[in-house]
Amino acid sequence: MVTRTDIDHRKSSPEARLGAERHPEKAARPDNPIQRKPSWIRVRAPNHPVYNQTRELMRANKLVTVCEEAACPNIGECWSQRHATMMIMGEICTRACAFCNVTTGVPHVLDGDEPRRVGDAVAKLGLRHVVITSVDRDDLADGGAAHFAQTIAAIRAATPGTTIEILTPDFLRKDGALEVVVQARPDVFNHNLETVPRLYPSIRPGARYFHSLRLLDEVKRLEPGIFTKSGIMVGLGEERMEVSQVMDDLRSANVDFLTIGQYLQPSVKHAAVARFVEPVEFEDYARVARGKGFLLVSATPLTRSSYHADEDFAALRGAREAQLAKAQP
């Protein structure tokens, strides 16, 4: 099977490709050569006119997108359909995960007008469903929870019919932060586990696996009607049984939707790809996950948290309705 997609080569200088510009904390690490991608992953530069319109709107509204900052391979396809995942609270993250292309450093002061600009962009794009994510803001007392809530409120005010999905940080050691976000009533609460617990010290050192699980479980306790979602990457050296255990852990937290995608190395200073997982293995992961009771599963080499999020939300809502109908006497 050949998967075709687009990618934004916004950072094209040799220094940027090596990660030196965006990740000074990784500069002393030994290089991990980037492997040639297999035949089932195809990448080309975006050239659709709507892609350019979407980019211009993001620039005009002074908005940051995770599509660009995380070097998402699906940016051409998504932006050509006016689907952009906006990243609030700036483009500088306080964490230094080994897999992530988002810049690490000291963030800027929060922009109080950003929620309004996000709402305005969502309205101009005519989005039925929008995904809002953020950098980690460990420097803020609430981890940015109030800013998330303000952004949700601004979108509701600008375009009441749009459903809202948020992809949040873990709010580690930020008491009361989660409650603030849940009270804003997003339609989908997404928080990614990213990898199996054994790999956290090397891949996600600033996070705690069981804290992230508890966060997802607590969302359901606070507001059972909110869909919960989480995702992991494969190809980092995990074992199949470890992935199966993560699925069980997520189901124990009543998570509705699981995404699994191939890790792609952003630069030679990032974690190396241990292997490229073949499409048939993704199909097997999806089959196993559905058997464990997830309402929806997306598992392909190019699956990402917000890829086809509007279609997935419709499918998620339909799956819940079917489940409830089946439970009726």
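Provided above is the structure to which this section pertains.
Okay, so let's go over this structure.

The rules behind each value
- Residues numbered from 1 in each chain as written.
- Predicted model: local features only at pLDDT ≥ 70, side-chain atom pairs only at ≥ 80, totals over all residues.
- Heavy atoms only, no water.
- Pairing = 2+ DSSP bridges.
- Helix = DSSP H or I, 4+ residues; strand = E, 2+ residues; numbered from the N terminus.
- Axes fitted to C-alpha atoms, helices over the stretch in contact; angles between N-to-C directions.
- Contact = heavy atoms within 4.5 Å.
- 1 Å grid on protein atoms, 1.4 Å probe; cavity = no way out; pocket = protein on both sides within 12 Å on 5 of 7 lines; lining within 4 Å.
- Points joined across faces, edges and corners; volume = space filled by probe spheres on them.
- Nonpolar A, V, L, I, M, F, W, Y, C, P; charged D, E, K, R; others polar.
- Salt bridge = Lys/Arg side-chain N within 4 Å of Asp/Glu carboxyl O.
- Buried < 20%, exposed > 50% of the residue type's maximum accessible area, 1.4 Å probe, protein only.
- Right-handed = clockwise from strand over helix to strand, strands pointing away.
- Phe/Tyr/Trp six-rings, centres within 6.5 Å; stacked < 30°, edge-to-face > 60°.
- Lys NZ or Arg CZ within 6 Å of the ring centre and 35° of its normal.
- Expected span 1.5 Å × (residues − 1).

## Digging into the sheet that holds strand S3 (residues 86-88)
In spatial order, the strands read S3-S6-S7-S8-S9-S10-S11; together these seven strands make up an open sheet with parallel pairing. Looking at the sheet topology across the chains shown, the edges are occupied by S3 and strand S11 (296-299). This sheet shows a mean twist of 20 degrees between the axes of neighbouring strands, independent of strand direction. By the bridge criterion, four bridges tie strand S10 (residues 257-262) to S11 in an arrangement that is parallel. Bridging across to S11, Leu258 finds its partner in Val297. Along the sheet face, helix H5 (residues 114-125) touches S3 and strand S6 (129-134) and points at about 170 degrees away from the line of S3.

## Concerning empty space enclosed by the protein
All chains considered together, the criterion is met by one cavity of 30 Å³ or more. The volume enclosed by the largest cavity comes to roughly 40 Å³. Lining the largest cavity we find Arg95, Asp136, Arg137, Asp138, Gly143, Pro169, Asp170, Phe171, Leu172 and Lys174. Grouping the constituent residues of the lining of the largest cavity by class yields three nonpolar, one polar and six charged.

## With respect to the pattern of salt bridges
Applying the stated rule across the entire model yields 21 salt bridges. Across the pair Asp136 and Arg95 runs a salt bridge whose closest N-O atoms are separated by 3.8 Å. Highlighted residues: Asp136 in the loop between S6 and helix H6 (145-158) and Arg95 in the loop between strand S4 (92-93) and strand S5 (103-104), separated in sequence by 41 residues. A relative accessible area of 15% means that Asp136 is categorised as buried. Through salt bridges with shared partners, a single network forms among Arg95, Asp136, Asp138 and Asp170.

## Focus on the pairing of strand S7 (residues 163-167)
Looking along a regular strand, one sees side chains alternate from face to face of the sheet. For S7, the buried fraction is high: five of the five residues fall into the buried class. Burial of the side chains of S7 extends over both faces: Thr163, Glu165 and Leu167 are buried on one face and Ile164 and Ile166 on the other. Bridge count for S6 against S7 is five bridges, and the pairing is parallel. In the strand pairing of S7, Val131 is matched with Glu165. Running through H6, the crossover from S6 to the neighbouring parallel element S7 is right-handed. With helix H7 (residues 177-183) bridging S7 and its parallel neighbour strand S8 (residues 188-190), the resulting β-α-β unit is right-handed.

## A word on unusual backbone geometry
Here the phi dihedral of Phe171 falls at roughly 50 degrees; this positive angle occurs in a residue that is not glycine. With respect to the helices and strands, the residue Phe171 is situated in the loop between S7 and H7. Residue class for Phe171 comes out buried when judged on its relative accessible area of 6%. With phi around 75 degrees, Glu194 is a residue other than glycine that occupies positive phi space. The exposure class assigned to Glu194 is buried, which follows from its relative accessible area of 16%.

## Some remarks on the packing of aromatic side chains
In this description, a pair of aromatic rings is defined by centroid distance and the angle of the planes. Enumeration over the complete set of coordinates arrives at four aromatic pairs. Summarising the aromatic geometry, the rings of Tyr200 and Tyr209 are spaced 5.6 Å apart at their centres and angled 90 degrees between planes, so their arrangement reads as edge-to-face. Considered together, Tyr200 and Tyr209 belong to a single accessibility category, that of buried residues. On the numbers, 5.0 Å between centres and 85 degrees between planes, the contact of Tyr209 with Phe210 is edge-to-face. Judged by its relative accessible area of 5%, Tyr209 is buried. By way of ring pairs, the aromatic residues Tyr200, Tyr209 and Phe210 are connected into one cluster. Over the ring of Tyr285 we find Arg240, and its NZ or CZ is 5.0 Å from the ring centre. Residue placement shows Arg320 over the ring face of Phe227; its charged tip is 3.7 Å from the ring centre.

## Structural notes on H5
Between its first and last C-alpha, H5 extends 16 Å over twelve residues, near the 16 Å set by a 1.5 Å rise per residue. Turning to H5, its buried residues are Glu114, Pro115, Arg117, Val118, Gly119, Ala121, Val122 and Leu125. Downstream of H5 by one or two residues, Gly126 has phi in the positive range, about 70 degrees.

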